[in-house]
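For reference, the chains in residue letters:
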Amino acid sequence: MKLGVNIDHIATIRNARKINEPDPLMALEILKQAGANQVTMHLREDRRHINDFDAKRIIESSFLPVNMECSINEEIIDIICSLKPHRATLVPEKREEVTTEGGLDVIKNEKRVKKAIEKLHANDIEVSMFIDADFEQIKKSKELNAEMIELHTGKYANIFLALNTNINLTPNKLYKNINRMTLKKELKTEFNLLKDAAKLAKDIELEVAAGHGLNYQNVIEILKINEITELNIGHSIIANAIFTGLFEAVKKMKDIINGKF
Ligand code: PXP
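Attention in this report is confined to the structure presented alongside it. Bear in mind the structure is a predicted one, so any value in this text is a computation, not a measurement.

Thresholds applied
Residues numbered from 1 in each chain as written. Predicted model: local features only at pLDDT ≥ 70, side-chain atom pairs only at ≥ 80, totals over all residues. Heavy atoms only, no water. Helix = DSSP H or I, 4+ residues; strand = E, 2+ residues; numbered from the N terminus. Buried < 20%, exposed > 50% of the residue type's maximum accessible area, 1.4 Å probe, protein only. Contact = heavy atoms within 4.5 Å. Near = heavy atom within 4 Å. Areas by Shrake-Rupley, 256 points an atom, 1.4 Å probe, with all protein chains shown as cover. Nonpolar A, V, L, I, M, F, W, Y, C, P; charged D, E, K, R; others polar. Core = buried A, V, L, I, M, F, W, Y, C linked by side-chain atoms within 4.5 Å. Salt bridge = Lys/Arg side-chain N within 4 Å of Asp/Glu carboxyl O. Pairing = 2+ DSSP bridges. Axes fitted to C-alpha atoms, helices over the stretch in contact; angles between N-to-C directions. Right-handed = clockwise from strand over helix to strand, strands pointing away. Polar contact = N/O pair within 3.5 Å; in protein donor to acceptor, adjacent residues only side chain to side chain.

### So, the environment of Leu 214
Its place among the elements puts Leu 214 in the loop between strand S7 (207-211) and helix H10 (219-222). In this structure Leu 214 comes out as buried when scored by relative accessible area, which is 3%. For Leu 214 and Asn 232, which are 18 residues apart along the polypeptide, the C-alpha to C-alpha distance reads 8.3 Å. Ignoring anything within four residues of it in the chain, the contact list for Leu 214 reads Thr 153, Tyr 156, Ile 222, Leu 231, Ile 233 and Ser 236.

Okay, here's the thing in structure tokens:
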């Protein structure tokens, strides 16, 4: 199982002070030493964390492949084409969201997605689609020539959180009036959706990644889905790094996904 570490939140901390540290570039060597297989980052339209200069320096100097998350906005796609990361992961983007909510609707945005994929491919950049576990979205991703999909695990993670914490966290409010038995069933349903989606994607020869909201606890069940070969994890690793250091935080996740738990 490959691990992509999303380093956006290193830039989030830097930007909170509007100065030059911590520099996300400094994470690269540590990620590599700790066993990460990929650097993931998101050049958002509002540049709330990673900016163009970060992206350029990281892509130019990374020993690990770089997976650039981006919207299908034409201006952004042109920037990604000029930066030439190893892969682009197309995600939906809303300015007002705290983080990426839900997968990209490839069917609704077919024309724009097709154009983005063609441009990225013309620049030798692999394309992954960040989508919900939905058969039609998977088939459309294949039809539009994406090499890979990344299944959105956000709903699974939110239900897991609601089941394991009682405090009034934002995702928990969605499940406030649902009893534990029902939540357990919903978690199982969500897991099965991810499992069936991963299987379909592999059957039609798409590579399968998963990500969003994964942490040291909820990732264990996801590891049972053999068709998933890559996980992209950010918030939980950076949150842990505050206490343990980045090396330990990445190594611990890598150990878990290698079955050492
Ligand atoms: N994968 C994709 C496509 C994402 O948009 C994000 C969030 O930027 C992640 C993975 C990482 O999510 P988290 O920070 O919740 O681990």
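### Observations regarding the site of the ligand
In the neighbourhood of the ligand, 13 residues make up the surrounding shell, with Glu 69, Glu 150, Gly 213, Gly 234 and His 235 lying closest. Within the complex, the protein chains bury 94% of what would otherwise be the 400 Å² of accessible surface of the ligand. Here the residues of the shell around the ligand sort into 3 nonpolar, 7 polar and 3 charged.

### Observations concerning the nonpolar core
Within the largest apolar cluster, 80 residues are counted, with the highest numbers of intra-cluster contacts made by Leu 31, Leu 90, Met 129, Leu 231 and Ile 237. With 8 residues, helix H9 (residues 180-203) is the single largest residue contributor to this core. Beyond its immediate chain neighbours, meaning those up to four positions away, Ile 237 contacts Leu 3, Val 5, Tyr 216, Leu 246, Ala 249, Val 250 and Met 253.

### Observations regarding the pattern of salt bridges
In the structure shown here, the tally under the stated rule is 20 salt bridges. Three or more residues are tied together by salt bridges with common partners; here these are Arg 14, Asp 23, Asp 54 and Arg 57.

### Side note on the sheet that holds strand S2 (residues 38-42)
Sheet architecture is closed into a barrel: 8 strands sit in the order S1-S2-S3-S4-S5-S6-S7-S8, paired in parallel fashion. Across this sheet, the average inter-strand angle for adjacent strands is 25°, counted without regard to direction. Where strand S4 (residues 87-90) lies against strand S5 (residues 126-131), 4 bridges are found, and the strand directions are parallel. Following the sheet pairing, Arg 87 is matched in S5 by Glu 126. Against the sheet, H9 contacts strand S6 (148-152) and S7, and its axis sits at roughly 175° relative to S6.

### Description of the pairing of strand S3 (residues 66-70)
Counting buried positions over the 5 residues of S3 gives 5, a clear majority of the element. Where S2 lies against S3, 4 bridges are found, and the strand directions are parallel. Directly across from Met 41, in S3, lies its bridge partner Met 68. On the question of chirality, the crossover connecting S2 to the parallel S3 by way of helix H3 (residues 52-61) is right-handed. Sheet topology places S3 next to S4; 4 bridges connect them, and they run parallel. Residue pairing across strands places Cys 70 opposite Leu 90, the latter belonging to S4.

### Thoughts on the pairing of strand S8 (residues 230-233)
Of the two faces of S8, the one carrying Glu 230 and Asn 232 and the one carrying Leu 231 and Ile 233 are both buried. Inspection of the sheet shows strand S1 (residues 2-6) paired to S8 by 4 bridges, in the parallel sense. Looking at the pairing, Val 5 lines up with Ile 233 of S8. Strand direction decides the pairing type here: S7 and S8, joined by 3 bridges, are parallel. Bridge pairing links Ala 210 to Leu 231 in S8.

### What to know about the side chain of Thr 40
Following the sequence through the fold, Thr 40 ends up in strand S2. At a separation of 3.3 Å, a polar atom in the side chain of Thr 40 contacts the side chain of Asn 67. Residues contacting Thr 40, with those up to four places away along its chain left out, are Gly 4, Val 5, Asn 6, Ile 7, Asn 67, Glu 69 and Asn 232.

By themselves, these figures tell us nothing about what the structure is for.
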